[in-house]
Amino acid sequence: FIYLLLNLDLPAVGGALLRVNLLFFGVAVLITAIDVLIKAFKWKLIFSSYHIPVPYSRFLSSWIIGLSLSVITPGKVGDFAKAYYLKDKAPIGKGLTTVMADRIIDLLTLFILAIIGLSLFATLYATSTPLLLTTYLLFSLFVAAIIIFSRKSVASSLIRPLYNRFAPAKHK
């Protein structure tokens, strides 16, 4: 990352920015703004399970800070800065738990979309039965995992040891 910054050709970047189609740029900014609003609301819903009153504006500003840091850090480390930003409202451990839950929900959503896309592709274009069967098997395993993990006792028994091991005592 630092290598890229040090070897950045600023005149070339400036020239590329001058050639940007303003309509497409405006649509991209609008879609990004809507995405941030929705994701901040989703995080507020997840956080509400702790019954700690935090205004939506705080989640929104935290999300924007996290997004900004994620752009300049590898591995989307900025996501975890969101929890730090709310440390005066809730323990960091609870904030990190909600960040991880948010990431897991995003991952599940991506997996569902991938399964749907793979199913459509396999149904429309696959000539081999094994590909179609594999697709349906993956989908069935995914649904079974959701049913198993939706039981609080099962999810808690699997996640609690990780939480106890990695979360510092002062943040629990």
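Residues numbered from 1 in each chain as written. Predicted model: local features only at pLDDT ≥ 70, side-chain atom pairs only at ≥ 80, totals over all residues. Heavy atoms only, no water.

Here we come to the overall build of the protein. Helix and strand counts for the protein come out as 8 helices and 0 strands. Its helices and strands in sequence order give the protein the pattern α-α-α-α-α-α-α-α, from N to C terminus. The C-alpha radius of gyration computed for the protein amounts to 21 Å, which surpasses the reference 16 Å derived for 172 residues by more than 25%, pointing to a less compact arrangement than a globule. Taken across its 172 residues, the protein has 20% of its residues classed as buried. A sequence separation of at least 24 residues applies to 49% of the contacts in the protein between residues at least 6 apart. Accessible surface for the protein amounts to roughly 12300 Å². Of this, 75% is attributable to carbon and sulfur atoms. (Helix = DSSP H or I, 4+ residues; strand = E, 2+ residues; numbered from the N terminus. Rg over C-alpha atoms; globule rule 2.2 N^0.38 Å. Buried < 20%, exposed > 50% of the residue type's maximum accessible area, 1.4 Å probe, protein only. Contact = heavy atoms within 4.5 Å. Areas by Shrake-Rupley, 256 points an atom, 1.4 Å probe, with all protein chains shown as cover.)

Summarising the model, the protein shows a mean pLDDT of 84, and 98% of its residues fall at 70 or more. Mean pLDDT values for the elements of the protein range from 74 in helix α1 (residues 2-6) up to 93 in helix α3 (residues 22-47). (pLDDT = per-residue confidence, 0-100.)

Right, let's talk about the side chain of Asp79 for a bit. Relative to the assigned elements, Asp79 resides in helix α5 (residues 78-85). Apart from the residues within four sequence positions on either side, Asp79 is in contact with Gly66, Ser70, Val99 and Arg103.

Enumeration over the complete set of coordinates arrives at 6 aromatic pairs. Centroid distance Phe47 to Tyr50: 6.1 Å. Interplanar angle 70°. Geometry classified as edge-to-face. Taking the relative accessible area as the measure of exposure, Phe47 reaches 1% and is therefore buried. Exposure remark for Tyr50: the relative accessible area of 26% places this residue in the partly exposed category. Seen from their ring centres, Phe111 and Phe142 are 4.6 Å apart, and the 50° between their planes marks the pair as tilted. You can see Phe111 sitting in helix α6 (residues 92-125) and its partner Phe142 sitting in helix α7 (residues 129-149), a full 31 residues away along the chain. What makes Phe111 partly exposed here is its relative accessible area of 33%. A relative accessible area of 9% places Phe142 in the buried class. An aromatic cluster is defined as three or more aromatic residues linked by ring pairs; in this entry it consists of Trp43, Phe47, Tyr50 and Phe59. (Phe/Tyr/Trp six-rings, centres within 6.5 Å; stacked < 30°, edge-to-face > 60°.)

Moving on: α5. All of the buried residues along α5 are Gly78, Asp79, Ala81, Lys82 and Ala83. Contacts made by the buried residues of α5 are with α3, α4 (56-72) and α6.

Under the defined criterion, the tally for this structure stands at 6 salt bridges. Note that Asp35 and Lys39 form a salt bridge whose closest N and O atoms lie 3.9 Å from each other. On the criterion of helical spacing, the pair formed by Asp35 and Lys39 is a turn pair, its members being 4 residues apart in helix α3. Overall, Lys39 belongs to the partly exposed group, its relative accessible area being 22%. Here Asp79 and Arg103 are joined by a salt bridge, their closest N and O atoms 3.2 Å apart. Taken together, the positions of Asp79 in helix α5 and Arg103 in helix α6 put the pair 24 residues apart, joining distant regions of the chain. For Arg103, a relative accessible area of 31% translates into the label partly exposed. (Salt bridge = Lys/Arg side-chain N within 4 Å of Asp/Glu carboxyl O.)

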